[in-house]
Amino acid sequence: MTRFVAMTAIAAVMGSAAFAGNLSEPVIEPAPAPAPVPVADYGGDWTGFYLGGQIGQLDADASNGATGDDTSYGIHGGYNHDFGRFVLGGELEYDATDVNLGGGATVDSVARAKVKAGYDFGKVLAYVTGGVAEADSSLGSETGEFYGVGIAYQVTDQWQIGGEVLEHEFDQFGNSGVGADATSVSLRASYKF
């Protein structure tokens, strides 16, 4: 009888609510998803075509000792590609001016083909530029080279403003034997497509 009582006690304990089981798998609540990691927004994407205008000052120093300066104004258009932090681009630019070098000699316009390389600071692009320039003057036209620096700021996704300083070197205008060095400073506004 002792054995019967012991077996009954074991069966009672095994059948109690503490050992109650279920044939289905237990439901495990999933852990909450981690919060998304914020991505730094550095602003500006500089990739795209753009078209704009500029106004500035052109100072010329001729090799014969003549100097002159005047307001310049013009148009520009180009394309930039933003590689993340590095921006590479090309641009065509035309400036009209009326720099009087004395003795009837004037510089009437400067056209430029530029290559630009810069660093993307977000909404600010700082760059160096250089290329080929052609100056038209009363003594004839001359092709030379130029180099310079510039900065641009994205006011909106499409509108940009900025400035440039360029140094030019022209060996000889026509057959005059007169060359010139010129510095241009300009304020620019562009629309990116």
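Scroll up for the structure.
Residues numbered from 1 in each chain as written. Predicted model: local features only at pLDDT ≥ 70, side-chain atom pairs only at ≥ 80, totals over all residues. Heavy atoms only, no water.

Q: Where do I start with the overall build of the protein chain in this structure?
A: When its secondary structure is counted, the protein chain shows one helix and eight strands. When the helices and strands of the protein chain are read in sequence order from the N terminus, they spell out α-β-β-β-β-β-β-β-β. A separation of at least 24 residues holds for 56% of the contacts in the protein chain among residues at least 6 apart in sequence. Counting every atom, the protein chain has about 11,600 Å² of accessible surface; 64% of that belongs to carbon and sulfur. (Helix = DSSP H or I, 4+ residues; strand = E, 2+ residues; numbered from the N terminus. Contact = heavy atoms within 4.5 Å. Areas by Shrake-Rupley, 256 points an atom, 1.4 Å probe, with all protein chains shown as cover.)

Q: Before we go on, may I ask you to explain the sheet that holds strand E8 (residues 180-192) in this structure?
A: Backbone hydrogen bonds hold the strands of a sheet together, and the pairing may be parallel or antiparallel. The eight strands lie next to each other as E1-E2-E3-E4-E5-E6-E7-E8, forming a closed barrel whose pairing is antiparallel. Mean inter-strand twist for the sheet, computed between neighbouring axes without regard to direction, equals 20 degrees. Strand direction decides the pairing type here: strand E5 (residues 124-137) and strand E6 (residues 140-154), joined by 14 bridges, are antiparallel. Looking at the pairing, Thr129 lines up with Gly148 of E6. (Pairing = 2+ DSSP bridges. Axes fitted to C-alpha atoms, helices over the stretch in contact; angles between N-to-C directions.)

Q: In this structure, what is going on with the pairing of E8? I would like to understand it.
A: When a strand is regular, its side chains alternate between the sheet's two faces. Along E8, the buried face is formed by Ala180, Ala182, Ser184, Ser186, Arg188, Ser190 and Lys192; none of Asp181, Thr183, Val185, Leu187, Ala189 and Tyr191, which line the opposite face, is buried. Pairing of strand E1 (residues 48-62) with E8 involves 13 bridges; the strand directions are antiparallel. Residue pairing across strands places Ala62 opposite Ala180, the latter belonging to E8. With twelve bridges joining them, strand E7 (residues 159-170) and E8 adopt antiparallel strand pairing. Within E8, the residue paired with Glu169 across the bridge is Asp181. (Buried < 20%, exposed > 50% of the residue type's maximum accessible area, 1.4 Å probe, protein only.)

Q: I would appreciate a short explanation of the side chain of Gln160 in the present structure.
A: Along the chain, Gln160 turns up in strand E7. Apart from the residues lying within four places of it in its own chain, the contact partners of Gln160 are Trp46, Tyr153, Gln154, Val155, Arg188, Ala189, Ser190 and Lys192.

Q: Explanation requested: the nonpolar core in the structure shown.
A: Considering soluble globular proteins, one finds that nonpolar side chains tend to be buried as a cluster. Counting 18 residues, the largest nonpolar core has Leu58, Val99 and Leu101 as its most contacted members. Once residues lying within four places of it in the same chain are set aside, the contact partners of Val99 are Leu58, Ala60, Gly68, Asp69, Asp70, Ala105, Thr106 and Val107. (Core = buried A, V, L, I, M, F, W, Y, C linked by side-chain atoms within 4.5 Å.)

Q: Would you mind going over the packing of aromatic side chains with me for this structure?
A: Per the counting criterion, the structure on display carries six aromatic pairs. Geometrically, the ring pair formed by Phe49 and Tyr79 is tilted, given 4.6 Å between the ring centres and 50 degrees between the ring planes. With Phe49 in strand E1 and Tyr79 in strand E2 (residues 67-82), the pair connects residues that are 30 residues apart, well separated along the chain. For Phe49, a relative accessible area of 54% gives the class exposed. When the ring of Phe170 is compared with that of Phe173, the centres are 5.8 Å apart and the planes differ by 40 degrees; the resulting orientation is tilted. Overall, Phe170 belongs to the buried group, its relative accessible area being 6%. An aromatic cluster is defined as three or more aromatic residues linked by ring pairs; in this entry it consists of Trp159, Tyr191 and Phe193. A cation over an aromatic ring shows up here: Lys116 above the ring of Tyr127, its NZ or CZ 4.5 Å from the ring centre. (Phe/Tyr/Trp six-rings, centres within 6.5 Å; stacked < 30°, edge-to-face > 60°. Lys NZ or Arg CZ within 6 Å of the ring centre and 35° of its normal.)

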